[in-house]
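Listed below are the residues making up each chain.
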Amino acid sequence: MAAYPLSLPAPLVEGYALSPVDQTLRTEMETGSARVRRRTRARNDALEFGFVFTGAEFSAFRTWFDDDAGAAGGAAWFDMTVDVGHGAATYQARFKGAFKANRDGVSWRVSAQIEVR
């Protein structure tokens, strides 16, 4: 399995957001309380964060993101060290869509959403 390149910076703490995936299915009833059941025990979380890259780092990130041996354009799972509330650890991650990049002087500010399992 591919891994996020160790030569690239870790995600920024600023803007780092965790959204646990809802594991329940809720059915509203005509009268009385709604029925709720657990849909899955799989613990998938969504993360949103950003990076600050130099021009060379951004080029390396884009190459890794697009490469079939890397993130395969966002379609492939890869190993990445992230914090999901238990301290930093390595999880399997996959991008949820394309990243966004803005030029900030000589740096690139990249934001992305990933899912981890």
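Residues numbered from 1 in each chain as written. Predicted model: local features only at pLDDT ≥ 70, side-chain atom pairs only at ≥ 80, totals over all residues. Heavy atoms only, no water.

Participant: Requested: an account of the overall build of the protein, with residues and values cited.
Facilitator: Counting its secondary structure elements, the protein contains one helix and nine strands. In the protein, the order of α-helices and β-strands from amino to carboxyl end is β-β-β-β-β-α-β-β-β-β. In terms of overall dimensions, the protein is more spread out than a globule: its C-alpha atoms have a radius of gyration of 17 Å, far above the 13 Å expected for 117 residues. In terms of principal-axis extent, the alpha carbons of the protein reach across some 60 × 30 × 25 Å. When burial is assessed residue by residue, the protein has 27% of its 117 residues classed as buried. Restricting to contacts in the protein with at least 6 residues of sequence separation, those with at least 24 account for 58%. (Helix = DSSP H or I, 4+ residues; strand = E, 2+ residues; numbered from the N terminus. Rg over C-alpha atoms; globule rule 2.2 N^0.38 Å. Buried < 20%, exposed > 50% of the residue type's maximum accessible area, 1.4 Å probe, protein only. Contact = heavy atoms within 4.5 Å.)

Participant: A description of helix H1 (residues 55–66) should follow, citing residues and the corresponding values.
Facilitator: For H1, which comprises twelve residues, the first-to-last C-alpha distance of 17 Å matches the rise-based estimate of 16 Å (1.5 Å per residue) to within 8%. The complete set of buried residues in H1 reads Phe-58, Phe-61, Trp-64 and Phe-65. Taken down its axis, H1 places every buried residue within 125° of arc, on the same side. Of the exposed residues in H1, the ones pointing more than 90 degrees away from its buried face are Ala-56 and Thr-63. (Expected span 1.5 Å × (residues − 1). Arc of directions from axis to C-beta.)

Participant: Can you tell me about the environment of Gly-70, naming the residues and giving the values?
Facilitator: Its location among the elements puts Gly-70 in the loop between H1 and strand S6 (78–83). Separated by 65 residues in sequence, Gly-70 and Pro-5 place their C-alpha atoms 9.0 Å apart. The residues touching Gly-70, leaving out its near neighbours within four places in the chain, are Ala-2, Trp-64 and Ala-76.

Participant: Let's hear about the packing of aromatic side chains: which residues, and what values?
Facilitator: Taken as a whole and assessed by the stated rule, the structure comprises 18 aromatic pairs. With centroids separated by 6.3 Å and ring planes inclined at 70°, the aromatic side chains of Phe-61 and Phe-95 adopt a geometry described as edge-to-face. In this pair, Phe-61 is assigned in helix H1 and Phe-95 in strand S7 (residues 88–95), connecting sequence segments 34 residues apart. Residue classification places Phe-61 among the buried positions, given a relative accessible area of 0%. What makes Phe-95 buried here is its relative accessible area of 6%. One Lys or Arg, Arg-117, reaches over the ring of Trp-77 and ends 3.9 Å from the middle of that ring. (Phe/Tyr/Trp six-rings, centres within 6.5 Å; stacked < 30°, edge-to-face > 60°. Lys NZ or Arg CZ within 6 Å of the ring centre and 35° of its normal.)

Participant: How would you summarise the nonpolar core if you had to cite specific residues and measurements?
Facilitator: With 23 residues, the main nonpolar core has Tyr-4, Phe-61, Phe-78, Met-80, Phe-95 and Ile-114 as its most contacted residues. Secondary-structure elements contributing two or more residues to this core are strand S5 (45–53), H1, S6, S7 and strand S9 (107–116). Apart from the residues within four sequence positions on either side, Met-80 is in contact with Tyr-4, Pro-11, Phe-49, Phe-51, Ala-89, Thr-90, Tyr-91, Ala-93 and Ile-114. (Core = buried A, V, L, I, M, F, W, Y, C linked by side-chain atoms within 4.5 Å.)

Participant: Report on the pattern of salt bridges, specifying residues and quantitative values.
Facilitator: Within this structure, the stated rule accounts for three salt bridges. Taking the shortest distance from any N to any O, the salt bridge between Arg-94 and Glu-115 comes out at 2.9 Å. Of the two residues, Arg-94 is situated in strand S7 and Glu-115 in strand S9; the sequence distance between them amounts to 21 residues. In this structure Arg-94 comes out as partly exposed when scored by relative accessible area, which is 25%. (Salt bridge = Lys/Arg side-chain N within 4 Å of Asp/Glu carboxyl O.)

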